[in-house]
Amino acid sequence: MIFFLCFLGALIIVLGSLFLRRRPRPVEDKTGNVLKIQDLRTLKDRHETASILLELFDKDGAGAWPPKANHDSWPLALRPYKDIYLELAPLLTTTEPSLDDNVNNKRRNKYRSLMRKLLTERINIAQVEEIMAAVEAGNWDILPRDAYNGFYACVAVCRYAYRWAIIPVVKVAQLEKVVDFPQELDAPWPYLQRNFGVTAESGNNTANVLHNFNERGERVYKINVGMSYLIRSSEEVFFRMFYDLEVLAFPIYYEMVRAVICFEENDKVSCVNHLENIAFRLRHLLRVFYENLTESRISHSVWLRYVQGFQGWGVGRMVDGELIKYDGLSGNHVLFFQALDAFLGMDRYLTDENMIRYIPINQRELCIALNEHSFRNKLKEHSDMKIEDEVRKIVNHLKVFRAAHKARVMPYLEQPAPERLTMTAGKSVLEGPTTKDTKEALKVLDQMLATRLKETV
Ligand code: HEM
């Protein structure tokens, strides 16, 4: 009897596993959005918001959102970029920056000449351009989209490392106006920027932060290699926050698309359901910010010098005798807040020029479509009360975020950093002939945040 039961058990296991193996497994992206993606595919011909979101997922995201980035399976000609960044990373950061321009310049020149040397020795520019041109012509087989995303991050961070050549950022570096990048760092850049439909010589939140995570969720190009645990963990928590936030954002983009469609098809009950889902998920998403932007997770004492500085830019190019200067990264690049503002029918925070410089075109298109289909201003008194209530809840969450952001960021920006001029990564050097001191420079930023908070109604 026991023998028979064992035999029967084994038979069930074998048949079961054969059956399971034959069943096609759904294509699962890492955020478990399979059903939402299937639904978007059925909706794509019905509404432009659905087709744009799907395009963002399929193309920019390489079949995922936040975007998938591969940092290992690149053609041979591209691999030295990653090796060089990683080899030189331990030389970039210094524990205590000097206040002497000559000392700093010496160190920076050494870093830059070493990077130039390695790039010249190991990279064949013609081969790199051949690959980039082939992809631009549509041959994605040689560099699939996830690998393309990883390469975008790599070239971007190499450019940032060369731009500063020392971390913490120092005055002599901030005072540079134009940087002559090694040809190896310039050659692939226009291809990458054209692919994503952005124009800046600097990077952006997508390239530098989102694409800097591999498929195992590890950050690949770190800044403060070999520094203290406090510095390294503050860096890690800070950048991971932007990635985690975008993980929680994707289901909300989907709910926004659904809410818009239901409203336009006069299915108010379902529209309310989708708005409830947005409000519920938004609370969870914002917890990423509330729980991480705290002194215990990201230290005030190290953030400005060791985490923020690298992501600044502040240099440009002379065009017809005029300096066209670019900025580095800011939270204002984050897709989620732009999409939510658009969904709520608010005016954009970023200017048209900055959108084109820093925000990939498919992200811009999503925001434009959400804004065009925003139904908030179409709500009729009384008949749409439930919808109005849900929208109000969403706006309230956003207001609380903006108030918290405004209060929490200032202590980070007010930290002493005598080796540099007052600078934010997103707005470059702020001290100048019209500002007398750090406090005054920061007041301008505080005012920007206060204005946005006031606009959030
Ligand atoms: C210590 C960390 C941070 C500092 C010092 C900081 C500082 C600032 C400053 C000064 C601005 C206004 C200037 C500009 O547009 O660049 C700004 C804007 C913005 N930041 Fe941050 N930020 C920090 C972290 C974050 C994080 C973690 C997020 C989101 C997760 C975020 C989201 C935003 C957004 C969305 C804007 C645009 C204004 C708005 O929509 O309200 N920031 N930030």
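Residues numbered from 1 in each chain as written. Predicted model: local features only at pLDDT ≥ 70, side-chain atom pairs only at ≥ 80, totals over all residues. Heavy atoms only, no water.

A. Looking closely at the overall build of the protein chain. Of the regular secondary structure elements, the protein chain holds 19 helices and four strands. For 457 residues, the compact-globule estimate of 2.2 N^0.38 gives 23 Å, and the C-alpha radius of gyration of the protein chain, at 24 Å, lies within 12% of that figure. Taking the principal axes of its C-alpha atoms as reference, the protein chain extends roughly 80 × 65 × 50 Å. For the protein chain, the share of sequence-separated contacts (at least 6 apart) that also reach a separation of at least 24 residues comes to 79%. Counting every atom, the protein chain has about 21400 Å² of accessible surface; 56% of that belongs to carbon and sulfur. (Helix = DSSP H or I, 4+ residues; strand = E, 2+ residues; numbered from the N terminus. Rg over C-alpha atoms; globule rule 2.2 N^0.38 Å. Contact = heavy atoms within 4.5 Å. Areas by Shrake-Rupley, 256 points an atom, 1.4 Å probe, with all protein chains shown as cover.)

B. Highlighting unusual backbone geometry. Cis geometry is found at the peptide bond from Trp 65 to Pro 66, where omega equals 5°. Looking at the element boundaries, Pro 66 is found in the loop between α3 (48–60) and α4 (79–92). Residue Pro 168 follows Ile 167 across a cis peptide bond; omega there is 0°. Following the sequence through the fold, Pro 168 ends up in the loop between α7 (145–164) and α8 (171–174). The phi dihedral of Ala 165 is positive, around 60°, even though this residue is not glycine. Of note, Ala 165 is situated in the loop between α7 and α8. Of the residues examined, Ala 165 reaches a relative accessible area of 0% and is grouped as buried. (Buried < 20%, exposed > 50% of the residue type's maximum accessible area, 1.4 Å probe, protein only.)

C. Region of interest: the packing of helix α12 (residues 229–264) against helix α14 (residues 300–308). Contact geometry of α12 with α14 gives a least axis separation of 9 Å together with a crossing angle of 75°. The pairing of α12 with α14 is recorded here as roughly perpendicular in orientation. Residues Leu 230, Ile 231, Ser 234, Glu 235, Phe 238 and Phe 239 of α12 form the contact with α14, whose own contacting residues are Ser 301, Val 302, Trp 303, Tyr 306 and Val 307. Here the residues of the contact of α12 with α14 sort into eight nonpolar, two polar and one charged. (Axes fitted to C-alpha atoms, helices over the stretch in contact; angles between N-to-C directions. Parallel < 35°, antiparallel > 145°, perpendicular 65-115°, else oblique. Nonpolar A, V, L, I, M, F, W, Y, C, P; charged D, E, K, R; others polar.)

D. Region of interest: the nonpolar core. Ranked by internal contacts, the top residues of the largest apolar core, which has 141 residues, are Met 115, Tyr 253, Leu 275, Phe 336, Phe 343 and Phe 375. The leading source of residues in this core is α12, at 18 residues. Sequence-distant contacts of Met 115, defined by excluding residues within four places in its chain, comprise Ile 84, Leu 88, Cys 158, Ala 161, Tyr 162 and Leu 185. (Core = buried A, V, L, I, M, F, W, Y, C linked by side-chain atoms within 4.5 Å.)

E. Here's a closer look at the pattern of salt bridges. Within the structure shown, the criterion is met by 31 salt bridges. In this structure, the salt-bridge partner of Arg 159 is Asp 186, at a minimum N-O distance of 2.9 Å. Residue Arg 159 is found in helix α7, and its partner Asp 186 is found in helix α9 (residues 183–186); the two are separated by 27 residues along the sequence. You can call Arg 159 buried: its relative accessible area is 2%. In this structure, the salt-bridge partner of Arg 287 is Glu 291, at a minimum N-O distance of 3.2 Å. One end of the pair, Arg 287, and the other, Glu 291, are both in helix α13 (residues 268–292), four residues apart, so they sit about a helical turn from each other. In this structure Glu 291 comes out as partly exposed when scored by relative accessible area, which is 47%. (Salt bridge = Lys/Arg side-chain N within 4 Å of Asp/Glu carboxyl O.)

F. Spotlight on the site of the ligand. Not every one of the 22 residues close to the ligand is listed here, only the nearest: Ser 330, Asn 332, Tyr 349, Arg 402 and His 405. Take Tyr 349: an N or O atom from its side chain is 2.6 Å from an oxygen atom of the ligand. Here a nitrogen atom of the ligand and a side-chain polar atom of His 405 are 2.9 Å apart. For the shell around the ligand, the element with the highest residue contribution is helix α18 (residues 385–413), accounting for five residues. Per-class residue counts for the shell around the ligand are 15 nonpolar, four polar and three charged. (Near = heavy atom within 4 Å. Polar contact = N/O pair within 3.5 Å; in protein donor to acceptor, adjacent residues only side chain to side chain.)

G. Representation of the packing of α7 against helix α10 (residues 189–196) in the model. Running from N to C, α7 and α10 point in directions that differ by 125°, and their axes come no closer than 11 Å. One finds that α7 runs oblique with respect to α10. The two elements α7 and α10 cross, and the hand of that crossing is left-handed. Facing α7, whose interface residues are Tyr 148, Asn 149, Phe 151, Tyr 152, Val 155, Ala 156 and Arg 159, α10 presents Trp 189, Tyr 191, Leu 192, Gln 193, Asn 195 and Phe 196. Each residue belonging to the contact of α7 with α10 can be placed in one class, and the counts come to nine nonpolar, three polar and one charged. (Left-handed = near helix turned anticlockwise from the far one by under 90°.)

H. Seen up close, the coordination of the iron atom of the ligand. Donation to the iron atom of the ligand from the protein comes from one atom only, His 405 (NE2), at 2.1 Å. Tracing the chain through its elements places His 405 in helix α18. (Donors = N, O, S within 2.8 Å, 3.2 Å for Na, K, Ca; no water.)

I. Highlighting the confidence of the model for the protein chain. Per-residue confidence for the protein chain averages 93 on the pLDDT scale, and 92% of its residues sit at or above 70. Across residues 16–28, confidence stays below pLDDT 50; counting only partners more than four residues off in sequence or on other chains, it has three contacts. (pLDDT = per-residue confidence, 0-100.)

J. Quick peek at the state of the cysteines. All told, the structure shown has zero disulfides when counted by the stated rule. For Cys 158, which is in no disulfide, the shortest distance to another cysteine sulfur is to Cys 154 and amounts to 4.3 Å. Judged by relative accessible area, which is 1%, Cys 158 ranks as buried. In this model Cys 367 remains outside any disulfide bridge; the closest cysteine sulfur is found in Cys 271, 19 Å from its own. (Disulfide = S-S within 2.5 Å.)

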